[in-house]
Amino acid sequence: LTIMLLIPMFRIQELIRERQALRDGVVQEIARSAAYAQTLTGPLLIVPYTRKLQEQQLDANQKLATVTREVSGELRLLPATMDLGGRLETEERRRGIYRARIFNADTRLKGRFEIPANYGIDTDLASYSFGPPHLVLGISDIRGIGNALALQANGASVNFQPGTGTAVLASGVQAPLTLGAMTTAQTLDYQIELKLLGTGDFQVTPVGRDSHVMLTSNWPHPSFAGEFLPKAREVDSDGFSAEWQTSFFATNMEEALARCAPSADSNNHSCAEFRARHFGVSFVDPVDQYLKSNRAAKYAFLFIGLTFAGFFVFEVLRRYSVHPVQYGLVGLSLALFFLLLLSFSEHIGFAAAYVVSATACVGLITFYVRHVLASRAHAAGFGSALAALYGLLYGILSSEDYALLMGSLLVFGLLAAVMVLTRKVNWARLGQPAGG
């Protein structure tokens, strides 16, 4: 009978997954209408060039001849310092009963480039012809840009233009630069005011030789993720603040960028390693009702089995006769609890839904058992034990770290209680008439 009752439980678990998939689809639709998760990469200083290469080739008469050909490429310079400060305010967007959390990031990015003489070209400089340099900022979803972007470069203001013009960053903006004579080393101080809309995650790629990031938010449940954790953070009911500090020694960004830079005779623009070295924060919901409902449904076998065991103990100790149909009705009411839990949690939250569903099922089963056992006292005791079981399950669901330990102790304790209560039962004579 217990195994048969698992059939509706499997269907309820499928329903939970269907509702979760529907919720995820709605969240993606909201993100598609606003902006997806955001990753901020840069800035990078890009200097296009053409280079003349002389090669020895055989001509039509099979004689060696010098042939000159031109190749195009770009030099990529990382900043010496990168300092990002920002405030991320979260808000909810609703569609029906489903909600998605978006953030509005108000950030300021500043730092300095230290540009070597001749852009660091030490040999065969005469073969290079450099084009106008530009500064590139990678933004994973440019639809989230909320202001007219301008670059403050050495005190001069330059408007950004769409596109990056480089294979390193697939999406972003660029600003043309006017630098001094390339024959001498120079510095470029930059500052960018950026308002950015996104959904779910905000990530930063630490491209600076010395990178410093300071983020604050009104969201009290952050999840810090990525290649580097914050060196300092504070989280309370009003929100969080987090600070990251990295250096080239830890990030090795120069080598990662060098590996993704194409050589003169290569078209390989794979820069996945460079773009993957980021860190940031995810705005996670601490109470995912579908995840907790699914976890609760996994304990259905334990619930049904323990309830049936309680009935069986009453049969053995009190000489009651409980019909299999009565077992089945009680088991169906236990299965209905998980359906009620899913339905209510979509509207009033998981904790309130759990209280309402558990109260309804405990009340129904207690009322029914009162007539099955023909005893108010026994029904009250059975209902109290069932209510305690629901309370223990909620404790297990609320404690992810100790769920296995609490579940194991629960099963062991209940088994010990059954063994103690039935220690004097003569199982060989169970069911025989008295004096038989």
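All values derive from a computational prediction rather than experimental measurement.

J.: Explain the overall build of the protein residue by residue, including any values.
T.: Helix and strand content of the protein: ten helices and 17 strands. Taken over the C-alpha trace, the protein has a radius of gyration of 33 Å; the compact-globule value for 436 residues is 22 Å, which it surpasses by more than 25%. With the C-alpha coordinates aligned to their principal axes, the bounding extent of the protein is approximately 120 × 60 × 35 Å. Burial analysis of the protein (436 residues in total) assigns 43% to the buried set. At a minimum sequence separation of 6, the contacts of the protein that also span at least 24 residues come to 74%. Surface summary for the protein: the accessible area is close to 22500 Å², and the carbon and sulfur share equals 57%.

J.: Mind laying out the packing of aromatic side chains, listing which residues take part and the relevant values?
T.: In total, this model carries 18 aromatic pairs according to the counting rule given. Centroid distance Tyr119 to Phe130: 5.1 Å. Interplanar angle 65°. Geometry classified as edge-to-face. Linking Tyr119 in the loop between strand S4 (98-115) and strand S5 (128-130) with Phe130 in strand S5, this pair joins segments that are eleven residues apart in sequence. Overall, the relative accessible area of 9% leaves Tyr119 in the buried class.

J.: How would you explain the pattern of salt bridges if you had to name every residue and give the values?
T.: Counted according to the given criterion, the structure contains 18 salt bridges. With a shortest N-O distance of 3.7 Å, Glu14 and Arg11 are connected by a salt bridge. Here the residue Glu14 and the residue Arg11 both occupy positions in helix H1 (residues 2-33), the gap between them amounting to three residues, near one helical turn. Close ionic contact of Arg51 with Asp124 constitutes a salt bridge, the shortest N to O distance being 3.4 Å. One end of the pair, Arg51, is in strand S1 (residues 38-58); the other, Asp124, is in the loop between S4 and S5, with 73 residues separating them in the sequence. Through salt bridges with shared partners, a single ionic network connects Glu255, Arg259, Glu273 and Arg277.

J.: Account for the nonpolar core, naming residues and giving values.
T.: The biggest cluster of nonpolar side chains holds 59 residues, and the ones touching the most others in it are Leu151, Phe202 and Phe274. It is S1 that contributes the most residues to this core, six residues altogether. Beyond its immediate chain neighbours, meaning those up to four positions away, Phe202 contacts Gln38, Leu84, Leu88, Phe103, Ala105, Thr107, Leu196, Leu215, Phe279, Gly280 and Val281. In this structure, Met9, Ala100, Phe303 and Ala353 belong to the second largest nonpolar core, which totals 47 residues.

J.: Please give an account of the pairing of strand S6 (residues 134-139) that cites residues and values.
T.: In terms of burial, S6 is a largely internal element, six of the six residues being buried. The two faces of S6 match: His134, Val136 and Gly138 on one face and Leu135, Leu137 and Ile139 on the other face are all buried. Bridge count for S6 against strand S10 (residues 172-176) is five bridges, and the pairing is antiparallel. Each bridged residue has a counterpart across the sheet, and for Leu135 the counterpart in S10 is Ala175.

J.: So what about the environment of Phe113? Which residues, and what values?
T.: Residue placement: Phe113 occurs in strand S4. For the pair Phe113 and Pro43, spaced 70 residues apart in the sequence, the C-alpha separation amounts to 9.6 Å. With sequence-adjacent residues up to four places away left out, Phe113 is seen in contact with Pro43, Leu44, Leu45, Leu77, Leu78, Pro79, Ala80, Leu135, Gln186, Thr187, Leu188 and Tyr190.

J.: How would you sum up unusual backbone geometry? Please name residues and give values.
T.: Cis peptide bonds are those with omega within 30 degrees of zero, and the linkage from Gly42 to Pro43 qualifies with 10°. Of note in this structure, Tyr119 is not a glycine but carries a positive phi near 55°.

J.: Describe in detail the packing of helix H5 (residues 289-297) against helix H7 (residues 324-348), supporting the description with residues and values.
T.: Working note: a packed helix pair is described by the angle between its axes plus the distance between those axes. Packing of H5 against H7 brings their axes to within 10 Å, and their N-to-C directions diverge by 170°. Compared by their axis directions, H5 and H7 come out roughly antiparallel. Between H5, through Gln289, Tyr290, Ser293, Ala296 and Ala297, and H7, the contact on the second element is made entirely by Phe338, Leu341, Leu342, Ser345 and Glu346. Across the contact of H5 with H7, the residue classes tally to six nonpolar, three polar and one charged.

J.: Give a description of a nonpolar patch on the surface that names residues and reports values.
T.: Where nonpolar side chains cluster on the molecular surface, the patch consists of Val325, Leu329 and Leu332 and spans about 270 Å² of accessible area. Looking at where Leu332 falls in the secondary structure, it is placed in helix H7.

J.: So what's going on with the side chain of Thr199? Residues and values would help.
T.: Looking at the element boundaries, Thr199 is found in strand S11 (residues 186-199). Excluding its chain neighbours within four sequence positions, the residues that come into contact with Thr199 are Ala31, Ala35, Tyr36, Ala37, Arg101, Ile102 and Phe103.

J.: A description of the sheet that holds S4 should follow, citing residues and the corresponding values.
T.: Pairing in this open sheet of eight strands is mixed, and the strands run S8-S7-S11-S4-S3-S13-S16-S15 from one edge to the other. The two strands at the open ends of the sheet, each matched to only one other strand, are strand S8 (156-159) and strand S15 (232-236). Geometrically, the sheet is characterised by an average inter-axis angle of 15° between neighbouring strands, direction not taken into account. Set on the sheet, H1 makes contact with strand S3 (81-95), S4 and S11; between it and S4 the angle comes to about 45°.

J.: Lay out the packing of H1 against H5 with the relevant residues and their values.
T.: Orientation of H1 relative to H5, taken along the N-to-C sense of each, is 170°, at an axis distance of 10 Å. In terms of orientation, H1 lies roughly antiparallel with respect to H5. In this structure, H1 crosses over H5, and the sense of that crossing is left-handed. Taken together, the residues of H5 that come into contact with H1 (itself represented by Met9, Gln13, Ile16, Arg17, Arg19, Gln20 and Arg23) are Tyr290, Ser293, Asn294 and Ala297. When the residues that make up the contact of H1 with H5 are grouped by side-chain class, the tally is four nonpolar, four polar and three charged.

Conventions we followed
Residues numbered from 1 in each chain as written. Predicted model: local features only at pLDDT ≥ 70, side-chain atom pairs only at ≥ 80, totals over all residues. Heavy atoms only, no water. Helix = DSSP H or I, 4+ residues; strand = E, 2+ residues; numbered from the N terminus. Rg over C-alpha atoms; globule rule 2.2 N^0.38 Å. Buried < 20%, exposed > 50% of the residue type's maximum accessible area, 1.4 Å probe, protein only. Contact = heavy atoms within 4.5 Å. Areas by Shrake-Rupley, 256 points an atom, 1.4 Å probe, with all protein chains shown as cover. Phe/Tyr/Trp six-rings, centres within 6.5 Å; stacked < 30°, edge-to-face > 60°. Salt bridge = Lys/Arg side-chain N within 4 Å of Asp/Glu carboxyl O. Core = buried A, V, L, I, M, F, W, Y, C linked by side-chain atoms within 4.5 Å. Pairing = 2+ DSSP bridges. Axes fitted to C-alpha atoms, helices over the stretch in contact; angles between N-to-C directions. Parallel < 35°, antiparallel > 145°, perpendicular 65-115°, else oblique. Nonpolar A, V, L, I, M, F, W, Y, C, P; charged D, E, K, R; others polar. Patch = residues over 30% accessible without salt bridge, like charges linked within 9 Å, V, L, I, M, F, W, Y side chains within 5 Å. Left-handed = near helix turned anticlockwise from the far one by under 90°.

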